[in-house]
Amino acid sequence: MKPALERIKGWVYKNKKAHSERLADMPSAASYRAKSRYKHPQQPGAILVLTAVLMVVLIGMVAFGVDLGYVVLTRTELQAAADAAALAGAGAAAEGKSAATQAVYRFASMHTAAGQSIRPEQVQIRYGLWDKNARVFVPSSTECSAVEVTIRSVDRPLFFGRLLGQQFFRSEAKAIATFAPRDIMLVLDYSASMCYDSQLRSIDELGRAAVEANLLQIYQALGSPRFGNMQWTPQLINSSNISTVKSALGLTNVPYPYPGGSWDDYINYVMTDSYINQAGYRRRYGYLTWVNYLQAKRYLYSHTPDLWKTPEQPITALKDAVDVLTAYLAEHSPDDRLGLAIYTASDGTALLESPMIQDFRSIAQIVRRRQAGHYHAQTNISAGMRVARLQLQNNARPGARRVMILMTDGEANLPTNETVGKQKVIEEAQAAAAARIPIITIALGAEADDNLMRQVAEITRGAYFKIPGGQPVSQYEEQLKEVFRLVAADRNLVLVQ
């Protein structure tokens, strides 16, 4: 036990001695304070100088930031003004350069830059074409399908830049707008009712003078043919015997001029037709009632192939309106394409008369060379819509705006009957809406199904136009032309730069 205790005491003594020696080697507090004062002498002026230098740098950075923000804001305002002005100019370009220029100035003036309204002298306008392949603007003195607008802001004062010798800055912005191409399908009604306004049945709505004058125009367009001893003004032959009437008219040995119909059929028509009777022409024979017979009974192209040359109404008003549409597209929207579907075809459905092409003139010629009831008498609207929808879905160009224009003067009575026909029209409208194809509908005349056409336009987010019946043909024509002008001018505007 004793040796162990002695070893512990020795260990404690040895550690206490080492600790005392370390304490002895440490400097005193007074000595430490003296050394600290010697190594870190006080320098009160250095902090003030450094602060002053940093303040100058900080103020310079703030000034630079304020002026830079002002320049960027002005540039942004100019760009917004240029974008709006270019789009406005492109939208009005269809009305000519003068209208486009006014639109550019008007929309530019609605904007401010650097706190001031934009003035006409700040705006530079160029007209031309947009080459979508090369993505360059091509100035032109004749074409006006793209508008380039440059707006400049010069000598605008800076806030702090003058301290660095820069008092003003200049900025400009440029924008180019053009039209997005469209793929348009016309769906036109060529049922037999499209010549009702040229028949005696419409005397109560349009007046006797207007209808009979139109019948005379049709007769003259047929070449004013002469058969037997018939006259223009119908003559009363009060006999129920067809042979007796034919002999009295000098037609016994005169061949009937067209593939469909006969003199016997014409005479029977004048004897029995209710509209002829209401008009006061029962048993009255002449070219007036014969022309009426051609349209009422022998309207098919296979029966009377010359009727397309005549001013049947309202089909001729429609043809004239299509001329306006195609001429407008050719002049202002050459990148658009136009196709044609008509109803009703000889099989009771519809016919694709032309796929979508850029030869607008050929479309107008096809429209012109068809007559009311050309293939079929009845009205299969849904079949025409389906043909057009499939053409747009399958053959429209990527990026092109797809549009359908649907016109009718009657009610859907195919397939089967009016109830089924209307339901099929709604189904086709829903299919077009699912394909994002807006339909512009035109209801022409008193017998058109206005509610159905309005529904189609609403379902597809298109537009609905109503041209009422019971008015002179000249008004039909002018109103149709105006609708087609609006359609032609309704284009998607695109900022391309």
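Refer to the preceding data block for the structure.
On a predicted model such as this, the values are computed, not experimentally measured, just so you know.

Colleague: Please set out a nonpolar patch on the surface residue by residue, giving values where relevant.
Modeller: On the surface, Leu 129, Val 136 and Val 138 cluster together to form a nonpolar patch covering roughly 190 Å² of accessible area. Relative to the helices and strands, Val 138 resides in strand S4 (residues 136–139).

Colleague: Can you lay out the pattern of salt bridges for me, pointing to particular residues and giving the numbers?
Modeller: This model, assessed by the stated rule, comprises 19 salt bridges. The salt bridge partner of Lys 246 is Asp 264, with a shortest N-O separation of 2.8 Å. Of this pair, Lys 246 sits in helix H7 (residues 242–248) while Asp 264 sits in helix H8 (residues 263–272), and the two are 18 residues apart along the sequence. With relative accessibility at 33%, the residue Asp 264 sits in the partly exposed group. Between Glu 427 and Lys 424 there is a salt bridge, and its shortest N-O distance comes to 3.9 Å. One end of the pair is Glu 427 and the other is Lys 424, both in helix H14 (residues 418–434) and 3 residues apart, which spans about a single turn. Members of the salt-bridge network, linked through shared partners, are Asp 183, Arg 337 and Arg 397.

Colleague: Any chance you could break down unusual backbone geometry for me, citing the residues and the numbers?
Modeller: For the bond running from Tyr 343 to Thr 344, omega is 20°, close enough to zero to count as cis. Positionally, Thr 344 belongs in the loop between strand S10 (337–343) and strand S11 (351–357). The linkage connecting Leu 414 with the following residue, Pro 415, adopts the cis geometry, with an omega of -5°. With respect to the helices and strands, the residue Pro 415 is situated in the loop between strand S12 (401–408) and H14. Not every positive phi belongs to a glycine, and Thr 416 is a case in point at roughly 75°. Mapped onto the elements, Thr 416 comes out in the loop between S12 and H14. Judged by its relative accessible area of 66%, Thr 416 is exposed.

Colleague: Can you explain the pairing of S12? Please cite residues and give values.
Modeller: Counting buried residues in S12 gives 6 out of 8 residues, a clear majority hidden from the surface. Examined bridge by bridge, S12 and strand S13 (residues 439–444) share 5 bridges and lie parallel to one another. Along S13, the bridge assignment pairs Ile 405 with Ile 440. You can see the chain leave S12, run along H14 and come back into S13, and the turn it takes is right-handed.

Colleague: Can you lay out the packing of H8 against helix H10 (residues 287–297) for me, pointing to particular residues and giving the numbers?
Modeller: Close contact between H8 and H10 brings their axes to 10 Å; oriented N to C, the two are set at 100°. Judged on the interaxial angle alone, H10 and H8 are roughly perpendicular. Together, Trp 263, Asp 265, Tyr 266, Tyr 269 and Val 270 of H8 and Thr 289, Trp 290, Asn 292, Tyr 293, Ala 296 and Lys 297 of H10 make up the contact between the two elements. Counted by class, the contact of H8 with H10 contains 7 nonpolar, 2 polar and 2 charged residues.

Colleague: Before we move on, can you summarise the environment of Ser 171 with the specific residues and values?
Modeller: You can see Ser 171 is positioned in strand S6 (residues 168–179). For the pair formed by Ser 171 and Arg 75, sequence separation is 96 residues and the distance between their alpha carbons is 6.2 Å. With residues near it in sequence (within four places) discarded, Ser 171 still touches Arg 75, Leu 78, Ile 151, Arg 152 and Ser 153.

Colleague: Talk me through the environment of Lys 319; I want residue IDs and the actual numbers.
Modeller: Here Lys 319 is to be found in helix H11 (residues 315–332). The exposure class assigned to Lys 319 is buried, which follows from its relative accessible area of 1%. In this structure, the C-alpha to C-alpha distance between Lys 319 and Arg 368, residues 49 residues apart in sequence, is 5.8 Å. Excluding anything up to four places from it in sequence, Lys 319 contacts Trp 308, Val 367, Arg 368 and Arg 370. From its side chain, Lys 319 meets the backbone oxygen of Trp 308 in a polar contact 3.3 Å long. Within polar-contact distance, the side chain of Lys 319 engages the backbone oxygen of Arg 370 at 2.8 Å.

Colleague: How would you sum up H8? Please name residues and give values.
Modeller: Residues of H8 that are buried: Trp 263, Tyr 266, Ile 267, Tyr 269, Val 270 and Met 271. Buried residues along H8 sit in contact with H7, helix H9 (274–278), strand S9 (284–285) and H10.

Colleague: Please give an account of the nonpolar core that cites residues and values.
Modeller: Counting 35 residues, the largest nonpolar core has Leu 186, Leu 188, Leu 318, Leu 340, Ile 442, Leu 480 and Phe 484 as its most contacted members. Tallying contributions element by element places H11 first for this core, with 8 residues. Ignoring sequence-local partners within four residues, the contact set of Leu 318 consists of Leu 188, Met 194, Met 407, Leu 480 and Phe 484. Counting residues in hydrophobic clusters, the runner-up holds 32 residues, among them Leu 200, Ile 218, Leu 251 and Ile 267.

Colleague: Explain the packing of aromatic side chains to me, using residue names and the numbers behind them.
Modeller: Applying the stated criterion to the full structure yields 12 aromatic pairs. Here the aromatic rings of Tyr 269 and Tyr 293 are separated by 5.6 Å at their centres, their planes lie at 50°, and the arrangement is tilted. Of this pair, Tyr 269 sits in helix H8 while Tyr 293 sits in helix H10, and the two are 24 residues apart along the sequence. Given a relative accessible area of 5%, Tyr 269 falls into the buried group. Ring pairing ties together the aromatic residues Tyr 219, Phe 227, Trp 232, Tyr 256, Tyr 258, Trp 263, Tyr 266, Tyr 269, Tyr 285, Tyr 287, Trp 290 and Tyr 293, which thus form one cluster.

Colleague: Tell me about the environment of Gln 231, residues and numbers included.
Modeller: Within the secondary structure, Gln 231 is located in the loop between helix H6 (208–221) and strand S8 (235–236). Residues contacting Gln 231, with those up to four places away along its chain left out, are Arg 226, Gly 286 and Tyr 287. Separated by 3.4 Å, the side chain of Gln 231 and the backbone oxygen of Asn 229 make a polar contact.

Colleague: Help me get a handle on helix H12 (residues 360–368), residues and values and all.
Modeller: Listed as buried for H12 are Phe 360, Ser 362, Ile 363, Ala 364, Ile 366 and Val 367. For H12, the elements touching its buried residues are strand S7 (182–189), H11, S10 and S11.

The rules behind the values
Residues numbered from 1 in each chain as written. Predicted model: local features only at pLDDT ≥ 70, side-chain atom pairs only at ≥ 80, totals over all residues. Heavy atoms only, no water. Patch = residues over 30% accessible without salt bridge, like charges linked within 9 Å, V, L, I, M, F, W, Y side chains within 5 Å. Areas by Shrake-Rupley, 256 points an atom, 1.4 Å probe, with all protein chains shown as cover. Salt bridge = Lys/Arg side-chain N within 4 Å of Asp/Glu carboxyl O. Helix = DSSP H or I, 4+ residues; strand = E, 2+ residues; numbered from the N terminus. Buried < 20%, exposed > 50% of the residue type's maximum accessible area, 1.4 Å probe, protein only. Pairing = 2+ DSSP bridges. Right-handed = clockwise from strand over helix to strand, strands pointing away. Axes fitted to C-alpha atoms, helices over the stretch in contact; angles between N-to-C directions. Parallel < 35°, antiparallel > 145°, perpendicular 65-115°, else oblique. Contact = heavy atoms within 4.5 Å. Nonpolar A, V, L, I, M, F, W, Y, C, P; charged D, E, K, R; others polar. Polar contact = N/O pair within 3.5 Å; in protein donor to acceptor, adjacent residues only side chain to side chain. Core = buried A, V, L, I, M, F, W, Y, C linked by side-chain atoms within 4.5 Å. Phe/Tyr/Trp six-rings, centres within 6.5 Å; stacked < 30°, edge-to-face > 60°.

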